[in-house]
Amino acid sequence: MAELNRPERRQCVECGREDSWDDSTHNWRIAGEEGRPFCIHEWDINGSHNPIRN
Ligand SMILES: [Zn+2]
């Protein structure tokens, strides 16, 4: 049975920056002060994330 798997949080695997999903703006919002400004954020939901979870 497939269910919609919508992430509400993502974290950069490089610098630890965390974002949280803002439902009202349908966009990511920075959730923490951590993180490097010049990091090309490699979010932990990249690649492995599948919108439909089997
Ligand atoms: Zn980062």
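Refer to the preceding data block for the structure.
This report concerns the structure included in the present document. (Residues numbered from 1 in each chain as written. Predicted model: local features only at pLDDT ≥ 70, side-chain atom pairs only at ≥ 80, totals over all residues. Heavy atoms only, no water.)

### What about the sheet that holds strand 2 (residues 9–11)?
Inclusion rule: Paired strands, as defined in this entry, are two strands with at least two bridges between them according to DSSP. What counts as a helix is a DSSP run of H or I of at least four residues, what counts as a strand is a run of E of at least two, and both are numbered from the N terminus. Between N-to-C directions, angles span 0 to 180 degrees; the directions come from axes that are lines fitted to C-alpha atoms, helices contributing only their stretch in contact.
Here we have three strands laid out as an open sheet, ordered 2-3-4, and antiparallel in their pairing. Looking along the sheet, the strands with just one partner apiece sit at the ends: strand 2 and strand 4 (27–30). Across the sheet, the axes of successive neighbouring strands diverge by a mean angle of 30°, strand direction being ignored. One ladder, built from three bridges, connects strand 2 with strand 3 (residues 18–22); its direction is antiparallel.

### Re the pattern of salt bridges
Note the threshold: We define a salt bridge as a side-chain nitrogen of Lys or Arg found within 4 Å of a carboxyl oxygen belonging to Asp or Glu. The rule is simple: take the accessible area with a 1.4 Å probe, protein chains only, and divide by the maximum for that residue type; under 20% is buried, over 50% is exposed, in between is partly exposed.
Considering all chains together, one arrives at three salt bridges under this definition. The residue Asp 19 makes a salt bridge to Arg 10 at a minimum N-O spacing of 2.9 Å. No difference in accessibility class separates Asp 19 from Arg 10, as the two residues are buried. A salt bridge links Arg 29 to Asp 22; its shortest N-O distance comes to 2.9 Å. What makes Asp 22 buried here is its relative accessible area of 12%.

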